[in-house]
Amino acid sequence: MEIRHLRYFVAVAEEQNFTRAAERLFIAQPPLSRQIQQLEDELGVSLFERSSRPLQLTEAGKFLYTHAKRLLAKSAEIKTMTQRVGKIERSLSIGFVATTLYGLLPRIIRQFREQHANVELTLHEMTTSEQIEALKAGKIDVGFGRLRVEDPSIRRILLREEPLMVALPSSHALAKKGQKLTLRDLIDQPLLVFPKQPRPSFADQILALFYDRGLTPNKVIEVRELQIAIGLVAAGEGLTIVPSSMHAFIRQDVSYLDLDEQRAVSPVIMSIRMGEHSDDLKALLQNIYQVYEDERIRYIREEL
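Residues numbered from 1 in each chain as written. Predicted model: local features only at pLDDT ≥ 70, side-chain atom pairs only at ≥ 80, totals over all residues. Heavy atoms only, no water.

(A) Spotlight on the environment of K136. Within the fold, K136 resides in helix α6 (residues 128–136). With 17 residues separating them along the chain, K136 and S153 place their C-alpha atoms 7.2 Å apart. Once you skip the residues sitting within four places of it in the chain, K136 turns out to touch D151, S153 and I154. (Helix = DSSP H or I, 4+ residues; strand = E, 2+ residues; numbered from the N terminus. Contact = heavy atoms within 4.5 Å.)

(B) Broad picture of the UniProt feature "domain: HTH lysR-type" (unreviewed entry) in the protein chain. In this numbering, the UniProt entry assigns the feature "domain: HTH lysR-type" (unreviewed entry) to residues 1–58. Summarising residues 1–58: 62% helix, 7% strand, and an end-to-end C-alpha distance of 19 Å. (UniProt positions renumbered as here; feature names shortened; annotations may be inferred.)

(C) Molecular detail of the pairing of strand β5 (residues 142–145). Side chains V142 and F144 of β5 all project onto a buried face; the interleaved residues G143 and G145 project onto the opposite face, where all are buried too. In this structure, strand β3 (residues 90–96) lies alongside β5, joined through 3 bridges in parallel fashion. Looking across to β5, one finds that F96 is bridged to F144. One ladder, built from 3 bridges, connects β5 with strand β11 (residues 265–273); its direction is antiparallel. Considered in β11, the bridge of G143 is made with S271. (Buried < 20%, exposed > 50% of the residue type's maximum accessible area, 1.4 Å probe, protein only. Pairing = 2+ DSSP bridges.)

(D) The arrangement of the side chain of T128 in detail. Note that T128 resides in helix α6. Residue classification places T128 among the buried positions, given a relative accessible area of 7%. One polar contact links the side chain of T128 to the main-chain amide nitrogen of R146, over a distance of 3.3 Å. T128 has contacts with V97, G145, R146, L147 and V149, leaving out every residue within four places of it along the chain. (Polar contact = N/O pair within 3.5 Å; in protein donor to acceptor, adjacent residues only side chain to side chain.)

(E) Highlighting the domain arrangement of the protein chain. The domain architecture assigned to the protein chain consists of domain 1 (3–86), domain 2 (90–159 + 267–295) and domain 3 (161–265). Relative placement of domain 1 and domain 3: their C-alpha centres are 75 Å apart. (Domains from an automatic or database assignment.)

(F) Examining the nonpolar core more closely. Among the nonpolar cores identified, the biggest contains 38 residues, and L186, F210, I241 and V242 are the most heavily contacted of them. Of all the elements in the fold, those that place two or more residues in this core are β6 (154–169), α7 (173–177), β7 (191–193), α8 (202–211), α9 (226–234), β9 (239–243) and β10 (254–258). Examining the composition of this core, we find that 6 residues originate from one element, α8, more than from any other. The next biggest cluster of nonpolar side chains, apart from the first, holds 25 residues, and it includes L159, I288, Y289 and Y292. (Core = buried A, V, L, I, M, F, W, Y, C linked by side-chain atoms within 4.5 Å.)

(G) Fine view of the pattern of salt bridges. The full count for this structure, using the stated rule, is 24 salt bridges. Of the charged contacts, one joins D253 and R251 as a salt bridge, the two residues approaching to 2.9 Å between their closest N and O atoms. The partly exposed category is assigned to R251, whose relative accessible area is 33%. Close ionic contact of E276 with R273 constitutes a salt bridge, the shortest N to O distance being 2.9 Å. What you see here is one network of salt bridges that share partners, running through E14, E15, R20, R24 and K69. (Salt bridge = Lys/Arg side-chain N within 4 Å of Asp/Glu carboxyl O.)

(H) View of the pairing of β10. Where burial is concerned, most of β10 is hidden: 4 out of the 5 residues are buried. Taken together, the 5 bridges between β6 and β10 define a ladder with antiparallel strand orientation. Bridge pairing in β10 places A167 opposite Y256.

(I) Summary view of the confidence of the model for the protein chain. Per-residue confidence for the protein chain gives a mean pLDDT of 90; residues scoring 70 or more make up 97%. Helix α4 (residues 59–87) is the least confidently modelled element of the protein chain, averaging 80 in pLDDT, while β7 averages 97, the highest of any element. (pLDDT = per-residue confidence, 0-100.)

(J) Representation of the environment of R4 in the model. In this structure, R4 sits in helix α1 (residues 3–15). For the pair R4 and I132, spaced 128 residues apart in sequence, the C-alpha separation works out to 48 Å.

(K) Quick peek at the packing of aromatic side chains. Per the counting criterion, the structure on display carries 5 aromatic pairs. Between F9 and F48, the ring centres sit 5.6 Å apart and the planes meet at 55°, which makes this aromatic pair tilted. A residue pair is termed long-range when its members are at least 10 positions apart, and F9 in helix α1 and F48 in strand β1 (residues 48–49) qualify at 39 residues. On the basis of relative accessibility, which here comes to 0%, the residue F9 falls in the buried class. Linked through ring pairs, F9, F18 and F48 together constitute an aromatic cluster. Here the basic side chain of R160 rests over the ring of Y292, its NZ or CZ set 5.8 Å away from the ring centre. (Phe/Tyr/Trp six-rings, centres within 6.5 Å; stacked < 30°, edge-to-face > 60°. Lys NZ or Arg CZ within 6 Å of the ring centre and 35° of its normal.)

What follows is the structure, encoded as structure tokens:
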């Protein structure tokens, strides 16, 4: 039994006449009659009461008609969806933490779009931990974060280690000196860290810099996000430590000073599903390396 047999049968059942059904199907009547006969022979049952005018379905015919309609509808749906999938442009869903937007990520995305116009890009702000779960759930294809999260299902590619710097009010005495700062210079200052939740986060990364050196800030203020931290710095509520790419976030009332500390860096990590090697991901990684080379930024090269 083939799909065409069911299509012929449904046409005859609905038209209740072989001649009209043949016209509907754009075939001659004799071949249509033979196809219906072949279907009945294969099933071993009569589908029509041929003595009645107009044609009536037998009980077996009524049963087949109900299921044939469903099967034909499903067949049409499968055809349409298959055609749609075949025509869909390639897509890449990207997760990112907010601090990467102040660095080279926007340029990387823009350049990738220019070079791969047939790939549809979608961007989603999420924490590193959220990126890991989204990757495992198939909601995103790649994530850019700053935390080293261990998961056997996820491959982490360390792109670079970005130096950290201090953001402080422009009117602050330390800002007026314009000199590099050490972490010891900061322990008596109110320290704004972000994000407050979820943890672990960039906030823990910053606090670990102090703890690893046997230092403890006297006052730590946890805030929800980077923009709030910078706003509070501008208001004179304290200072915060941020990636050096925050130089791009210019405010007249906020100054940025370098940290004079070894290993005072924040990693930029690209996360993908383990074993994934799509051409689009390879192209994105190569695009990242090209931007780093253009900017003469030291980076750690890996291949997919």
